[in-house]
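Here is how the chains run, residue by residue.
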Amino acid sequence: MWNDDLNIRGAVHDINGLMARALLSAESLRSHKDQGVAKQAGRISTVIDQVAAICRQRLTDLTETPKMELLDHVAVERLLRQVADLVSVECTLADRPIDFFVHVSKDVKVMTNPEQLFRILFNLAINAANAISRKGGSWIEISAIAIGERVLFDVCDDGPGLPKHILGYLFPHLAADMARKGGRIGCGLVTSAHLAAELGGELRLVRASRKGTSFCVSLPSKPLRATNGSERRAVSEELVAV
């Protein structure tokens, strides 16, 4: 009988294989004469790419550091607009229109793992879109600016803010604690906080009021020294309190 680790690796391997087949099907529709179909096929391809990237990452040895790449402002803006394009699907389904703004300063340059950065920003943006679609608001903004040796990624909205019962355990240290207090509520935030910590950065809640919510992801612009898995896990426990 396989142990839990092998079971997980086997499941991830199979999911990755199935996603590859789905990607081939989606790619065949990207040249469809109906532009609406072609656009949705492109979005499906992007989602599948991200799922496959997560699967590949989980299949790697957990003692390895995330693969880092140097992203200039063009690459960063491309990534942010990719997030915006996927979140815009949620926006189109809302009862009220939601505007999505992307801003990247020209001096932005960051050494990071693109897949992890995408997951962080996507989680924050989709949370904002969900809140606005349920409770009201009209815009979401995602931006990147360079300050000293760090790059700040801000995800802001004019939605209803965060409920008080979420603020009390926004960054729980234990998954069991999160499950006990609200099931999956806040799971995306916890995931984003841990991913930011793995990249040598941090996730901060800047503002949460009836006028909107603002999160800031601060990442080092230069590569950090190599760390093993246990060191990264220790860093990820030092999550920033609200």
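It should be emphasised that the depicted structure is a prediction, and the values quoted were computed from it without experimental measurement.

Peer 1: Could you give an account of the packing of helix H4 (residues 114-135) against helix H7 (residues 187-198), with specific residues and numbers?
Peer 2: Two elements in contact, H4 and H7, have axes separated by 9 Å at closest approach and are oriented at 150°. Relative to H7, the element H4 lies roughly antiparallel. In this structure, H4 meets H7 at a crossing whose hand is left-handed. Residues Gln116, Arg119, Ile120, Asn123, Leu124 and Asn127 of H4 form the contact with H7, whose own contacting residues are Gly188, Leu189, Thr191, Ser192, Leu195, Ala196 and Glu198. Residues that form the contact of H4 with H7 fall into these classes: five nonpolar, six polar and two charged.

Peer 1: Break down the nonpolar core for me, citing the residues and quoting the values.
Peer 2: Val76, Leu80, Leu121, Phe153 and Val217 are the most contacted members of the largest nonpolar core, which has 41 residues in total. Those elements that provide at least two residues to this core are helix H3 (73-93), strand S2 (99-104), H4, strand S4 (139-147), strand S5 (150-157), H7, strand S6 (202-209) and strand S7 (212-220). Counting residues per element, this core draws most heavily on H4, which supplies 10 residues. Setting aside anything within four residues of it in sequence, one finds Val76 in contact with Leu71, Val104, Val108, Val110, Ala144 and Phe153.

Peer 1: Outline the pairing of S7, listing residues and values.
Peer 2: For S7, the buried fraction is high: nine of the nine residues fall into the buried class. Here S7 shows no split at all, with Gly212, Ser214, Cys216, Ser218 and Pro220 on one side and Thr213, Phe215, Val217 and Leu219 on the other all buried. By the bridge criterion, eight bridges tie S5 to S7 in an arrangement that is antiparallel. Residue pairing for S7: Arg150 is matched across the bridge by Pro220. As defined by bridge partners, S6 adjoins S7 across seven bridges and the pair is classed as antiparallel. Across the sheet, residue Ala208 finds its bridge partner in S7, namely Thr213. Hairpin remark: S6 followed by S7, antiparallel, with two residues in the connecting loop.

Peer 1: How would you summarise the pattern of salt bridges if you had to cite specific residues and measurements?
Peer 2: Summed over the entire model, instances satisfying the criterion amount to three salt bridges. Residues Glu149 and Lys222 are paired through a salt bridge, measuring 3.8 Å at the closest nitrogen-oxygen approach. In this pair, Glu149 sits in the loop between S4 and S5 while Lys222 sits in the loop between S7 and helix H8 (229-236), placing the two residues 73 residues apart along the sequence. In terms of burial, Glu149 and Lys222 fall into one category: exposed. For the salt bridge of Glu202 with Arg204, the shortest nitrogen-to-oxygen distance reads 2.7 Å. Classification of Glu202 by relative accessible area gives partly exposed; the value is 25%.

Peer 1: Before we move on, can you summarise H7 with the specific residues and values?
Peer 2: Across its 12 residues, H7 extends 17 Å between first and last C-alpha, which sits within 8% of the 16 Å expected from 1.5 Å per residue. For H7, the complete set of buried residues consists of Gly188, Leu189, Val190, Ser192, Ala193, Leu195, Ala196 and Ala197. Directly after H7, the chain includes Gly200, whose backbone phi takes a positive value near 85°.

Peer 1: Outline the pairing of S2, listing residues and values.
Peer 2: By the alternation rule, side chains of S2 split into Phe100, Val102 and Val104, which are all buried, and Asp99, Phe101 and His103, of which none is buried. Note that S2 and S4 share six bridges and pair parallel. Within the sheet, the bridge partner assigned to Phe100 lies in S4 and is Ile140.

Peer 1: Tell me about H4, and please be specific about residues and values.
Peer 2: Taking 1.5 Å of rise per residue, 22 residues should cover 32 Å, and H4 covers 31 Å from first to last C-alpha, within 8% of that figure. Counting buried positions along H4 yields 16 of 22 residues, so the element is predominantly enclosed. Where H4 begins, the capping side chain belongs to Asn113, and its oxygen is found 3.2 Å from the backbone nitrogen of Glu115.

Peer 1: Can you break down the side chain of Ser192 residue by residue, with the values?
Peer 2: Mapping Ser192 onto the fold places it in helix H7. Taking the relative accessible area as the measure of exposure, Ser192 reaches 0% and is therefore buried.

Peer 1: Got a sec to walk through the sheet that holds S7? Specific residues and values, please.
Peer 2: Strand order across the open sheet formed by five strands is S2-S4-S5-S7-S6, with mixed pairing between neighbours. Of all strands in the sheet, those bounded by a partner on one side alone are S2 and S6. Each neighbouring strand pair of the sheet contributes to a mean axis angle of 15°, computed without reference to strand direction. Sheet strands in contact with H4 are S2, S4, S5, S6 and S7, and its direction is about 20° off that of S5. Each of S6 and S7 touches H7; the most contacted strand, S6, lies at about 140° to it.

Each value, and the rule that gives it
Residues numbered from 1 in each chain as written. Predicted model: local features only at pLDDT ≥ 70, side-chain atom pairs only at ≥ 80, totals over all residues. Heavy atoms only, no water. Axes fitted to C-alpha atoms, helices over the stretch in contact; angles between N-to-C directions. Helix = DSSP H or I, 4+ residues; strand = E, 2+ residues; numbered from the N terminus. Parallel < 35°, antiparallel > 145°, perpendicular 65-115°, else oblique. Left-handed = near helix turned anticlockwise from the far one by under 90°. Contact = heavy atoms within 4.5 Å. Nonpolar A, V, L, I, M, F, W, Y, C, P; charged D, E, K, R; others polar. Core = buried A, V, L, I, M, F, W, Y, C linked by side-chain atoms within 4.5 Å. Buried < 20%, exposed > 50% of the residue type's maximum accessible area, 1.4 Å probe, protein only. Pairing = 2+ DSSP bridges. Salt bridge = Lys/Arg side-chain N within 4 Å of Asp/Glu carboxyl O. Expected span 1.5 Å × (residues − 1). Polar contact = N/O pair within 3.5 Å; in protein donor to acceptor, adjacent residues only side chain to side chain.

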